[in-house]
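# What the coordinates show
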Amino acid sequence: MWTLVLNCGSSSVKFALQNPETGEGRLSGLAERLGSGAASVRVDRGGERVTHSLPGGSYPEAFGVILAELDALGVRDDVRAVGHRVVHGGERFSAPALVTPEVLDAIRACVPLAPLHNPANLAGIEAARAAFPALPHVAVFDTAFHQTMPEVAYRYAVPEAWYAAHGVRRYGFHGTSHAYVAGEAARMLGRDLGDVNLITAHLGNGCSVTAVRGGRSVDTSMGLTPLEGVVMGTRSGDVDPGLHDFLARQAGLSLGEITAALNKEGGLLGLSGLTNDMRELEEASARGHVGARLAVDVFVYRLARTVAGMTAALERLDGLVFTGGIGENSASVRAATLARLAVLGFRVDEEANARAVRGQSGVITAQGSPPALVVNTNEELMIARETAGVVERGA
Ligand code: AMP
């Protein structure tokens, strides 16, 4: 049984054909710049890459290309379901859900919580249902995994009415990735997921850290929005809540301008004044670029501080997991983070750490240290598994 996994943004569709049982992937790609005259779709047929232009720049046109690719592979009739990544499920969704009119309404009700992402996810689901009308569609939420957080972790110390009337609380994101790598890490450690306490660090363009107790999220660094927490590519992570008022008075900036800058001009990019790309920053830092060095140092320091803070959610720490583009590839960020966490007993194994790059996973700590592991995330496979589970259960 194949599952088509879709991640629809406002101007893009990421897709992957996955076998949830074997973990095999056959076809993947990215449609970009939808809605413009320059739209195109890049298809990876398992090594062979082709790019089609999309003169109309529309979702249906992009899905037409995906259908033609499925036909060319001769697998169109073997696709059993479509799994959609949806960013925000609010408090309504603690698990993936079969797409029905009620579920679409509930996703729509979460639009105020994710005004950029949920409308694009909804538009993508509608277009995909038109393109694949005979298949069940399943919504898999970025927030769902974190719905197991206890109230002490998800509440902010703000007036209660803000929570009651507007849902102002911590939700957390990247749930699919944290859930997947926690499962893989338990397997690699030879432990039962139900018995291990892990901290998972998803470090990509967006970054978040989660405490996972017995396979359940008990705290995470992102909050009401994906802006909270550690330093990211272009997102600031935590700042003083007094910042907006200060900047409005001092610099005459509007709320919208400040929020946009915190999302798009902060993080590694803001600190370095150079780029949001960790690999480029490491190279620039090695050449002596002061801003690049500072950006990497602040990234590592705040990451280590957050990991240490997450231990408050666990009675024991059985493993620290690094994943995402930075977590899976930057041996130096991992080594520097573990060095900052010496108080927890971490000691890196330099050779094992250097080996764990470009798709190599494994334990990167020395004997006697609590284990830190590199695990390659696979959100598409996780979404395919969750989708298949919902379709099998029929709910
Ligand atoms: P992702 O969003 O998971 O694709 O991660 C993107 C981030 O991973 C970017 O900051 C990249 O610079 C970073 N990254 C990818 N490869 C490497 C590498 N070899 N060394 C350092 N950072 C890397």
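Residues numbered from 1 in each chain as written. Predicted model: local features only at pLDDT ≥ 70, side-chain atom pairs only at ≥ 80, totals over all residues. Heavy atoms only, no water.

## Points about the side chain of His 174
As for its position among the elements, His 174 is in the loop between helix H5 (160-166) and helix H6 (175-188). Classification of His 174 as buried rests on a relative accessible area of 10%. Look past the residues within four positions of His 174 in its chain and what remains in contact with it is Asp 142, His 146, His 202, Gly 206, Cys 207, Ser 208 and Met 222. (Helix = DSSP H or I, 4+ residues; strand = E, 2+ residues; numbered from the N terminus. Buried < 20%, exposed > 50% of the residue type's maximum accessible area, 1.4 Å probe, protein only. Contact = heavy atoms within 4.5 Å.)

## Considerations on the nonpolar core
Core analysis: the largest hydrophobic core is formed by 40 residues, its most contacted members being Leu 203, Val 209, Phe 299, Leu 303 and Leu 320. Looking at this core, the elements with two or more residues in it are strand E9 (197-203), strand E10 (207-213), helix H10 (278-286), helix H11 (290-310), strand E12 (319-323), helix H13 (331-340) and strand E14 (372-374). When residues in this core are grouped by element, the largest group, 9 residues, is from H11. If we ignore the near neighbours within four places in the chain, the residues touching Leu 303 are Ala 201, Leu 203, Val 209, Val 230 and Thr 337. In terms of nonpolar packing, the next biggest core, distinct from the first, is built from 27 residues, Trp 2, Ala 39, Val 65 and Phe 132 among them. (Core = buried A, V, L, I, M, F, W, Y, C linked by side-chain atoms within 4.5 Å.)

## What about the packing of aromatic side chains?
With the rule as written, the count across this model stands at 4 aromatic pairs. Taking the centre distance of 6.2 Å and the plane angle of 10° together, the rings of Tyr 59 and Phe 63 count as stacked. With a gap of 4 residues between them, Tyr 59 and Phe 63 both fall in helix H1 (residues 59-73), about one helical turn apart. For the pair shown, Tyr 59 and Phe 63 are each scored as buried. Here Phe 93 and Phe 141 contribute two aromatic rings whose centre-to-centre distance is 4.1 Å and whose plane-to-plane angle is 15°, an arrangement assigned as stacked. Here the residue Phe 93 occupies a position in the loop between strand E6 (79-86) and strand E7 (97-98), and Phe 141 occupies one in strand E8 (residues 137-141), the gap between them amounting to 48 residues. (Phe/Tyr/Trp six-rings, centres within 6.5 Å; stacked < 30°, edge-to-face > 60°.)

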